[in-house]
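Okay, here's what each chain looks like letter by letter:
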Amino acid sequence: MNHDRRVWRHRADTALRVVVAMPGGYAVASLWAMALARILPGGPAEATFTATLVAFALCAFTAMWAFAARSGWRAAWTTLLGGGIAAAIAFGSIALTGRT
């Protein structure tokens, strides 16, 4: 019985890591692209281009972090925290300066 429980926990941890890596990485990258495009200096096109390039790297980093973290829950919480910070920056900037 104990062996079955360990197998189930391992499978659940792996499934959580996959969810954090794939849709979680995409979401975090999208939020950071949005946030960085709003706060980077330069014209809108240059800021958006740079933010998108950084977001690609963040997506890859998030996927690697999902499997390098000590546990799936740690990967999930840190990914949520990173995405939450980016969302706060992006939506705070929109609230303060408008949608320009």
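Residues numbered from 1 in each chain as written. Predicted model: local features only at pLDDT ≥ 70, side-chain atom pairs only at ≥ 80, totals over all residues. Heavy atoms only, no water.

> Help me get a handle on the overall build of the protein, residues and values and all.
Each helix and strand in the protein was counted, giving three helices and zero strands. Starting at the N terminus and walking to the C terminus, you meet the elements of the protein as α-α-α. Taking 13 Å as the expected radius of gyration for a compact globule of 100 residues, we find that the protein reaches 17 Å, considerably beyond that expectation. Evaluated residue by residue, the protein yields a buried proportion of 28% over its 100 residues. Across the protein, contacts joining residues at least 24 apart in sequence account for 74% of those joining residues at least 6 apart. (Helix = DSSP H or I, 4+ residues; strand = E, 2+ residues; numbered from the N terminus. Rg over C-alpha atoms; globule rule 2.2 N^0.38 Å. Buried < 20%, exposed > 50% of the residue type's maximum accessible area, 1.4 Å probe, protein only. Contact = heavy atoms within 4.5 Å.)

> Tell me about helix H3 (residues 72-97), residues and numbers included.
Spanning 26 residues, H3 covers 37 Å between terminal C-alpha atoms, matching the ideal 38 Å at 1.5 Å per step. Of the surrounding secondary structure, the elements contacted by the buried residues of H3 are helix H1 (2-39) and helix H2 (44-68). Directly after H3, the chain includes Gly98, whose backbone phi takes a positive value near 90°. (Expected span 1.5 Å × (residues − 1).)

> Outline the pattern of salt bridges, supporting the account with residue identities and numerical values.
Note on pairing: side chains with opposite charge can pair once their charged atoms come close. Applying the stated rule across the entire model yields one salt bridge. For Asp13, the salt bridge is made with Arg17, and the minimal N-O distance between the two is 2.7 Å. A residue pair is termed a helical-turn pair when its members lie 3 or 4 positions apart in one helix, as Asp13 and Arg17 do in helix H1 at four residues. Asp13 gets classed as partly exposed once you look at its relative accessible area, which sits at 22%. With a relative accessible area of 9%, Arg17 lands in the buried category. (Salt bridge = Lys/Arg side-chain N within 4 Å of Asp/Glu carboxyl O.)

> Mind laying out the packing of H1 against H2, listing which residues take part and the relevant values?
The angle between the axes and the distance between the axes are what describe a pair of packed helices. Two elements in contact, H1 and H2, have axes separated by 7 Å at closest approach and are oriented at 155°. With respect to H2, the axis of H1 lies roughly antiparallel. Seen along the crossing, H1 lies across H2 with a hand that is right-handed. Looking at the contact of H1 with H2 residue by residue, the class counts come to 20 nonpolar, four polar and one charged. (Axes fitted to C-alpha atoms, helices over the stretch in contact; angles between N-to-C directions. Parallel < 35°, antiparallel > 145°, perpendicular 65-115°, else oblique. Left-handed = near helix turned anticlockwise from the far one by under 90°. Nonpolar A, V, L, I, M, F, W, Y, C, P; charged D, E, K, R; others polar.)

Geometric values such as these leave the question of function open.
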